[in-house]
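# Tertiary structure, described
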Number of protein chains: 2
Amino acid sequence: MQNQCRVVIENVLPQVNSGEVKIKRIIGEVVHVTGDVIADGHDVIAAVVLYKHERERKWREVRMQPTENDEWNASFSVGKQGNYHFKIEGWVDYSLNWQYGIQRKIESNQNVSSELLEGVDYCKSIYVKATATEKKYLKYLQEVFNSKGFYNEAITEAISEKLHNLFLKYPEKYLVNSSNVLPIYVDRLKARFSTWYEFFPRSASQQEGVHGTFKDCEKLLPRVADMGFDTLYFPPIHPIGEVNRKGKNNTTNALRDDVGSCWGIGSKEGGHKTIHPKLGTVKDFKSLIDKAKGLGIEIAMDYALQAAPDHPWVKEYPQWFKWRPDGTVQYAENPPKKYQDILPVYFESSDYINLWDECLDILFYWIKCGVKIFRVDNPHTKPFYFWNWIINSVKDKYPDVLFLAEAFTRPKIMQQLAKQGFTQSYSYFTWRNTKHEFINYVEELTKTSQREYMRPNFWPNTPDINPLNLQGANESKYLQQYILAATLSSNVGIYGPVFEHMISDSLPGKEEYLNSEKFQICKYDWSKKNKITAIISLLNKIRKEHEALQQTNNIKFCTLENDNLLAYYKWNDAKTDELLIIVNLDQHNTQQGMVQLPLNELAIPHGHPVKVNDLITGSTFSWDKEWNFIELHSSLPFHIFTINK
Amino acid sequence: MQNQCRVVIENVLPQVNSGEVKIKRIIGEVVHVTGDVIADGHDVIAAVVLYKHERERKWREVRMQPTENDEWNASFSVGKQGNYHFKIEGWVDYSLNWQYGIQRKIESNQNVSSELLEGVDYCKSIYVKATATEKKYLKYLQEVFNSKGFYNEAITEAISEKLHNLFLKYPEKYLVNSSNVLPIYVDRLKARFSTWYEFFPRSASQQEGVHGTFKDCEKLLPRVADMGFDTLYFPPIHPIGEVNRKGKNNTTNALRDDVGSCWGIGSKEGGHKTIHPKLGTVKDFKSLIDKAKGLGIEIAMDYALQAAPDHPWVKEYPQWFKWRPDGTVQYAENPPKKYQDILPVYFESSDYINLWDECLDILFYWIKCGVKIFRVDNPHTKPFYFWNWIINSVKDKYPDVLFLAEAFTRPKIMQQLAKQGFTQSYSYFTWRNTKHEFINYVEELTKTSQREYMRPNFWPNTPDINPLNLQGANESKYLQQYILAATLSSNVGIYGPVFEHMISDSLPGKEEYLNSEKFQICKYDWSKKNKITAIISLLNKIRKEHEALQQTNNIKFCTLENDNLLAYYKWNDAKTDELLIIVNLDQHNTQQGMVQLPLNELAIPHGHPVKVNDLITGSTFSWDKEWNFIELHSSLPFHIFTINK
C-alpha cells in the first residue's frame, strides 16, 4: 500500500540521467535548484532544498519559494571540493495552512473561535523546539487562544508575523515527501578556468639534434609563464618501445636513431611509472614541477593506457593483453588498419581487477610526485565504466586532481566521457569555422544540459590535428583562432611552438603535420617573439583579470548583420564584469557592421549612454544607441570591450 | 568496483519520470522504442528490446537497428490488456565484430589465417544452441577454419550471409548491459476512443415535476444510441443528504421538496453503495446496464469521495473525518468559503488503511454490478498516491475498468493525475477559443511527453461549466464546438440535453447554469430533434467509421492564412485513413482562404491530383495544387474531407 504523502515532487533540476551523472560546479559556485512541488487540494505547502558535502553528517536546509506554474526554487553555494548531494523535501504545512485559513476567515468577518482552539495544538507541537523566550510567547498564545475573554488579542496574535516566523523556523514536516538525492561534484577553479600550453620535452633543447631534458624544460618555464599560461602539458615522458618502433612521418621501419612515438609506451627501461632516461630522472621531474609551481604553472601529464610490445607488462602480466589462437598478441587495429607498435590493454581480461588497480596505481604514483592534472589519451577506446571507477577512486583521495578527455569522436561518446567524470573535454572547436557554426556549437554546449556536466576545452591545434583552417593561414587567422578559443571557452590550449610560429606544412590532403613531432625531435627558436605571442600574452592577461572570461556558460550572442563579424556578450555571475567581444572572421578583409547591444541583459534603459573601452587598443567609445557601428581590420581582428554603465 | 560492461544505454523512450510513470497504450498499438546505445572503441555492438506482458514469464525480444547519431530503435505491438514492461539490452557482439573485421581485412587483401582460427571459437560457442542442420554446418566451418588447405572455402564461409544470420539468431550476450525496466499500461480501445453523453437520471421522466427513474432512463437509451454515443454518464445515483441540503440555485436553505445536490452523497437511506430510492433498485440499475450494453452503450458512474453530514460513515467511522477541538466535524472549505453540505474524507486519518479499503470496495461493488467506467469527481482534492493505489488495485483485478479524472485545475496537477493512472482527463478545451489557442493546446497534448500518459477528453460543457463561449451563442457556435471537440480529440463528451437545446442562461457573470440541474429536476423534451442533434449524430457516425478520428495524437495543423479557419490533417497509424478537416471559427460570417495540403505527410508529389470528398455534404473536389480554395458558411461551418490519392 502506498504511503499517505500528499506532496509530489518532480522535474528537479539540475539533474542529468535521473541523478546517475554528477553535475559539475567549482568552489564558491551557486547551485540554482528548481522543481515542481504540488499537492492535492488547497492546503498551504512548503518545500526546502537539503544539501550537504560528503564529509558533513547533517543536511543543511534552505527554504524554497514558489515562482509560477507550481515551480519552486532555491539556491545554495558549494564551498568545498568533493561530492555534494541535494534533494527537495516537500510537505503540507498544517501550521501555515491554519494561519492562512484563519486570516482569510477573519478578513471576511467570520467567527474563528473554533479555529483558535485548533491553533493551540500548532503552538504545542513546536513548543519543545523553541527557545526560552519563544516558549513564553507560545504559552501566552495558548492561553489567549483557549480563553474566550481574549478574542481580540487572540486573532491579532493568530495572524501575526511573529507566529508566522515561528512556524517557518520550526516546520512540522508531517508526511514529508522527498525527491531523489542528486549528486554534484565540486572542483577547484582550475577545472573551469585554465590556459594550456603544450610542447614536447624532447624538443626543449636549444641545440639542433640534441634530445631535450627536463633541465631544458625548466629554462622554458619563464617564457610560458610570461605568456600567461597556467598549465603546461607534456606528451608521454615514459620509455618508448623499441619493437616495431615508428620512424619519422609515421613510417613503419624506424632508423637506428629515430626516437619513436612517445605514445608507444614502455620498453626494457620501464613502463608507465618510469621516466624516459634521456629526459632525466624522477628527481629532475619533481624539480621541474616545483619550479613551475613557483611560476604559477601546473605540469599536466599524459595518461595513455597502451603498451609497446616490449612494455614490461607484456611479460609480467600477459593476461592483460589479448592473445590470439595462433599465440600472437593482439595489436591495436581498426580493420583493415593495424597499429603494430601499440598493444591495447585487454579490458575484458578476467584479471581485470588487478589491471584496473595497476592503472589506478600509476595515477597515484605521479600524483605523489606532484602532478594534479592528467590529459587522458584516447579515453573513448577504453570502457566508460572504467573511467567512472578510476576518476572517482582518484577524487576520493585527491579531490583536486583534474582529468582532460582527449576524445575527438561522435558527440554522444564525448558527452558520455564527461558524464562518467572527466573534468574537461577536448571539443569540436577546431573544426568550427563560420559564424553560424560557432553560435550553434557554443549554444549547444552552454544552453543544453551539457552545461551541467561537460566543460569544453578549446584547442585551435594539437600534435594530432593540423586543421585545414590553419594550413597556409595568415597571421590574422591565427589571431582569430586564439581570440575565439580564449574567449568563447574559459578552458583553452595550444600546441604552442607550432602555433606561434605558424608552422602548418601537412601530409598531403590530411589534417596531419608534416615531419610531425610525434615521431621526431623538432628544433624551435624558443627566444623568438612575434605578434602572435604578444597577442596571446595580452589575451591571457585579460582572461586573468576578467571573471567574465573564467567561465564558459555565461554567454549571449549579439545580433550583428554581417556573417563575417561574430559578437558576444560575456559576464560574471555577479555581473560586476561585463564584456562585449567582436571578432572579424575574415582573415583578408576589413569588415563593418552594426552591433546590437543586449540592453535587457545589461539592464540599460534605451538612450542611456554607455562607455565601451577596448582592452586591446585602449580606445574608448561612448554609445547612447542600441545599435552601434563596428569596423575591424584583419590585422587586429577583434575588440574586447569592457562595458561601463 | 564497477562492472566490465562496455555498452552504455541512455535516453530510452518512451519513458516518463524515469519510469515511475506508466506510458499508456491500447490493445494492438505499437510501441516505438528508441535509445542511445554506445560503446568505447570501434567494435560492433548489438541491441535488443525485451518486452513482456505481466502474465508472461519470458521476455520477448526484438532486435534494434541503429539510425543516426548513435540512436537505435525497434518496435513491438502490445496485444493484451494490462501491464507490460520493456527494457533495452546492449552488448559488444564479438561474433559480428569478428566477421566485420575479417571482411574488411579480406577486402584489403590481408592474410586472415590467424583470424580464421579465432572464428573457430565463435562457431563453438553457438554450437550448443543450434539445430541439427546448423550444427552440421558449424562443424564444417570449424574444419575449414582450422585447416590451411581450405583457405578459399574458409574465407568465403567466414563472410557468408549464412554465418551472419546464425550470429544474429544466437547472439552471445557477453557483458550485456541493460536499461531500466520501463512500464506500459495497455487498455482496451475505449480508453482512447469514446463518445460520452451525460444526463441526470432524475430528469429522465417525460412528466413535469416527476422524479425520473432508471426505467425512464431505459426509454432514452435508443435515442442516445441513435445519436452515436457509446458511453452514458450519470451524475451520482446515491441517496442525497438531508442535513444542510442545498436548495435550488445553490441556496443554503433547502425547501421541503428540494431534491438537493446529488454530489452531497449519503443519508439515513445509505451511502456510496446504495441507490437513491427514487431512481429505483439495484436490480433496475443492472437491467439498465444490460439494456444499454445491448445498444452498444456503457454506463459510466460518478465516483465522488465525499459525504453528506448524515452519510452513514459519519457515525460508523468517525475517524474517517476530521474533528475539530470544539467537537464539530470539519466541513469542506476553501477559506474563506465553506461548504456545509459536504464533509471531505480525512485522508490523513490514522485509520487510512480501512478507509482506503472501503473506497476500493465501493468500486468493486459497482464493478460487480456491471459498471466498467468511472468518472471521478474532483480527484485533485484527494491525495495523488491514493489514486495510484486504488487505480492499480482495480486494474489488477479488472484491467478493463476506465477512470476519467474530473479535474479542472492547474496544468501540473491535471498532468499528475494522469501520471498516477487516470485513463482519461477532462481538459482545458472548454476554454480554448481562437485558432492560436487550439493549435497551441492540441500541440501541447500531442507533441510533448503528455502524449504518452494523458488522454484528454474534450467537453464543450458540463453541469458545472456553462462556458462563456456558449452563453447566448448561436447554432453555428454549438456546431463548431462539437466538431472541434469530436475531431481534435478521440474522446469527447457533452452534457447532452442542455447542449442540444442550446440552453445557456447563466448566473450573472458566472460560468454556471441558471436553475442548474445540480440542484433541481429539469424537464426536457426528449423527443425533440434539431440540426444540432442531426449533425452530432452524423459526426459520431463518421468517428465510428474513421480510424483517423479514433486517436488524438496523429494530428498536423495545416497552414491556412485566415485566423477564422482552422485546418488539420488526421490519419490512422497505417495511413489507410486520411482526413483533412477545416472549421470556420466565425459563428456569424462566411470565411474564405487557401489551405496548404500537407504533401509530405500525404506522400503526394507536387502536381499529382487528389480527390477530396466532404463526408458532410458529399461534395467531391479534384485538387492538383498544394494550395486550395476553401469557403465555409457559418450555417455549416466545416468540411471533413477524405483524401483519395
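Placed above this text is the structure.
Notes on the structure in this doc start here.

## So, the interface of chain B and chain A
In this complex, chain B contributes 67 residues to the contact, which on the side of chain A involves 67 residues. Taking both sides of the interface into account, the surface hidden between chain B and chain A amounts to around 6000 Å²; carbon and sulfur atoms contribute 51%. Where chain B meets chain A, there are 14 salt bridges. The interface formed by chain B and chain A holds 39 residue pairs in polar contact (both at pLDDT 80 or more) in total. Looking at the side of chain B that touches chain A, the elements that each hand over two or more residues are β1 (7-13), β3 (30-39), α1 (94-107), α2 (113-127), β15 (332-334), α9 (352-369), α10 (384-397) and α11 (411-420) of chain B. Tallying contributions element by element places α11(B) first for the side of chain B that touches chain A, with 6 residues.

## Overview of the side chain of Asn554(B)
Residue and element names in this part refer to chain B. Within the fold, asparagine 554 resides in the loop between α16 (531-545) and β23 (555-557). For asparagine 554, a relative accessible area of 9% translates into the label buried. From its side chain, asparagine 554 meets the backbone oxygen of tryptophan 571 in a polar contact 3.1 Å long. Asparagine 554 has contacts with Tyr569, Lys570, Trp571, Asn572 and Asp573, leaving out every residue within four places of it along the chain.

## Observations concerning the environment of Ile367(A)
Residues and elements named next belong to chain A. Looking at the secondary structure, you find isoleucine 367 in helix α9 (residues 352-368). In this structure isoleucine 367 comes out as buried when scored by relative accessible area, which is 4%. Considering only alpha carbons, one finds isoleucine 367 and tyrosine 398, 31 residues apart in sequence, at a separation of 8.5 Å.

## Considerations on a nonpolar patch on the surface
Residues and elements named next belong to chain A. A surface patch of nonpolar side chains, amounting to about 300 Å² of accessible area, comprises Met594, Trp627 and Phe629. With respect to the secondary-structure elements, phenylalanine 629 resides in strand β29 (residues 627-632). Since its relative accessible area comes to 49%, phenylalanine 629 is described here as partly exposed.

## Structural notes on the sheet that holds strand β11 (residues 194-198) of chain B
Residue and element names in this part refer to chain B. An order of β21-β20-β19-β18-β13-β12-β11-β22 is seen for the 8 strands of this open sheet, with the pairing classed as parallel. Of all the strands in the sheet, just β21 (456-457) and β22 (491-495) have a single pairing partner and so form its edges. The pairing of strand β13 (residues 298-303) with strand β18 (residues 373-377) spans 4 bridges and is classified as parallel. The residue bridging tyrosine 303 from the neighbouring strand is valine 376, located in β18. Strand contacts of α9: β13, β18 and β19 (402-406), with the helix running at about 160 degrees to β13, the strand carrying the most contacts.

## Focus: the relation of the copies chain B and chain A
Mapping chain B onto chain A is achieved by rotating through 180 degrees and translating by 0.0 Å along the same axis, at an RMSD of 0.1 Å. On the angle and the small slide along the axis, the relation comes out as a two-fold axis. Closest to the rotation axis within chain B is the C-alpha of Ser18(B), separated from it by 3.3 Å. Of the residues that chain B buries at the interface, 100% are likewise interface residues in chain A, meaning the two copies contact each other through the same surface.

## Points about the pairing of strand β5 (residues 60-63) of chain A
All names here are of chain A. Sheet topology note: the strand β4 (residues 45-53)/β5 ladder contains 4 bridges and is antiparallel. Each bridged residue has a counterpart across the sheet, and for leucine 50 the counterpart in β5 is glutamate 61. Hairpin connection from β4 to β5: 6 residues lie between these consecutive antiparallel strands.

## Overview of the pattern of salt bridges
Within this structure, the stated rule accounts for 88 salt bridges over all chains. Note that Lys412(B) and Asp36(A) form a salt bridge whose closest N and O atoms lie 2.8 Å from each other. Of this pair, Lys412(B) sits in helix α11 while Asp36(A) sits in strand β3 (residues 30-39), each in a different chain. Across this residue pair, the class does not change: Lys412(B) and Asp36(A) are buried. The salt bridge involving Glu578(B) is made with Lys645(B); its shortest N-O contact spans 2.9 Å. In this pair, Glu578(B) sits in strand β25 (residues 578-584) while Lys645(B) sits in the segment after β30 (638-644), placing the two residues 67 residues apart along the sequence. A relative accessible area of 5% places Glu578(B) in the buried class. Salt bridges here are not isolated pairs; linked through shared partners, they connect Lys105(A), Glu115(A), Glu118(A), Arg324(B) and Glu333(B).

## Topic: the packing of aromatic side chains
All names here are of chain A. This model, assessed by the stated rule, comprises 92 aromatic pairs over all chains. Relative to phenylalanine 234, the ring of phenylalanine 199 lies with its centre 5.4 Å away and its plane at 65 degrees, an arrangement referred to as edge-to-face. On the criterion of sequence distance, the pair formed by phenylalanine 199 in the loop between β11 (194-198) and α6 (214-226) and phenylalanine 234 in the loop between β12 (231-233) and α7 (282-294) is long-range, its members being 35 residues apart. A single burial state applies to phenylalanine 199 and to phenylalanine 234, both of which are buried. Ring plane angle 15 degrees and centroid distance 4.7 Å describe the contact between phenylalanine 429 and phenylalanine 458, whose orientation is recorded as stacked. Of this pair, phenylalanine 429 sits in the loop between β20 (424-426) and α12 (435-447) while phenylalanine 458 sits in the loop between β21 (456-457) and α14 (475-488), and the two are 29 residues apart along the sequence. Accessibility classification places phenylalanine 429 together with phenylalanine 458 in one group, the buried group. One aromatic cluster is present, formed by Tyr197, Phe199, Phe214, Phe229, Phe234, Phe285, Tyr365, Trp366, Tyr524 and Trp526 through successive ring pairs. For lysine 575, the ring lying beneath its charged end belongs to tryptophan 571, and the centroid distance is 5.1 Å.

What counts and what doesn't
- Note on numbering: residues in each chain are counted from 1, in written sequence order.
- Labels follow written order: the first chain is A, the first ligand is 1, and so on.
- In keeping with the predicted nature of the model, local features appear solely for residues at pLDDT of at least 70, side-chain atom pairs appear and are counted solely at 80 or more, and the whole-chain, interface and lining totals rest on all residues.
- Based on all heavy atoms of the structure, the side-chain values leave hydrogens and waters out of the count.
- Residues count as neighbours in contact if any of their non-hydrogen atoms are within 4.5 Å of one another.
- In this description, buried area is defined as the sum, over both parts, of the accessible area (probe of 1.4 Å) that is lost when the two are combined.
- Whenever Lys or Arg places a side-chain nitrogen within 4 Å of a carboxyl oxygen from Asp or Glu, that contact is recorded as a salt bridge.
- Throughout this description, a polar contact denotes any pair of N or O atoms lying within 3.5 Å of each other; where both atoms belong to protein, one of them has to be capable of donating a hydrogen while the other can accept it, and for residues adjacent in sequence the pair is counted only when both atoms sit in side chains.
- Secondary structure counts use DSSP, requiring at least four H or I residues in a row for a helix and at least two E residues in a row for a strand, with both numbered from the N terminus.
- Exposure is judged per residue with a 1.4 Å probe applied to protein chains only, and the accessible area is read against the type maximum: over 50% gives exposed, under 20% gives buried, and values in between give partly exposed.
- For patch building, the residue pool is restricted to those with more than 30% relative accessible area and no salt bridge; the joining distance is 9 Å between like charges and 5 Å between nonpolar side chains (Val, Leu, Ile, Met, Phe, Trp, Tyr).
- In short, Shrake-Rupley with a 1.4 Å probe defines the accessible areas, and a residue's cover is counted only from the protein chains shown.
- Two strands are counted as paired when DSSP detects at least two bridges linking them.
- Axis geometry follows a simple rule: fit a line to the C-alpha atoms, using only the stretch in contact for helices, then measure angles between N-to-C directions, giving values from 0 to 180 degrees.
- Here the copies were fitted onto each other by least squares, based on C-alpha atoms from residues at pLDDT of at least 70 in both.
- Ring pairs shown here join Phe, Tyr and Trp side chains whose ring centres sit within 6.5 Å, with only the six-membered ring taken for Trp; geometry is labelled stacked below 30 degrees between planes, edge-to-face above 60, and tilted in between.
- Here, a charge over a ring is recorded when the distance from Lys NZ or Arg CZ to the ring centre is within 6 Å and its angle to the ring normal is within 35 degrees.

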